[in-house]
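# Reading the structure
Single-letter residue listing:
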Amino acid sequence: MRRTAAVILGAVALLGVLAAPASAVPDPVATVDCLAQAAGDVTSLIDPASPGVPAEVPGAACLAP
């Protein structure tokens, strides 16, 4: 019984450590505004210096908190 309780408590503690803090939620208004601006910037889809290398997906930076 003690071993089972210890394993469950350890798993819950590990999940608590790995959980993102509540402050990591992005602002929805700023995210929509950033995505709207990123959608209009289609010139960044292809890098003229290295056209064979895939570019960053437009709007990916908008999702970071």
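Residues numbered from 1 in each chain as written. Predicted model: local features only at pLDDT ≥ 70, side-chain atom pairs only at ≥ 80, totals over all residues. Heavy atoms only, no water.

### Topic: the overall build of the chain
What counts, and what does not: The helix count covers DSSP runs of H or I at least four residues long, the strand count covers runs of E at least two residues long, and both are numbered beginning at the N terminus. Buried residues are those whose accessible area, probed at 1.4 Å on protein chains only, stays under 20% of the maximum for their type, while exposed residues exceed 50% and partly exposed ones sit between those limits. Here the open area of atoms and residues is found with the Shrake-Rupley method and a 1.4 Å probe, where only the protein chains shown may cover a residue.
Of regular secondary structure, the chain possesses two helices and zero strands. Counting over 65 residues, the chain shows a buried share of 6%. About 5500 Å² of surface is accessible on the chain, with carbon and sulfur atoms providing 72% of the total.

### As for the environment of Leu-63
Let me state the cut-off plainly: Note on contacts: a residue pair qualifies if any of its non-hydrogen atoms lie within 4.5 Å across the two residues.
Its location among the elements puts Leu-63 in the segment after α2 (28-40). Using a relative accessible area of 55% as the deciding quantity, one classes Leu-63 as exposed. Sequence separation between Leu-63 and Pro-28 is 35 residues; the distance between their C-alpha atoms is 9.5 Å. Ignoring sequence-local partners within four residues, the contact set of Leu-63 consists of Pro-26 and Thr-31.

### Digging into the side chain of Thr-31
Its location among the elements puts Thr-31 in helix α2. According to the relative accessible area criterion, Thr-31 is buried, its value standing at 13%. Each residue touching Thr-31, except ones within four places of it in the same chain, is listed here: Pro-26, Cys-62 and Leu-63.

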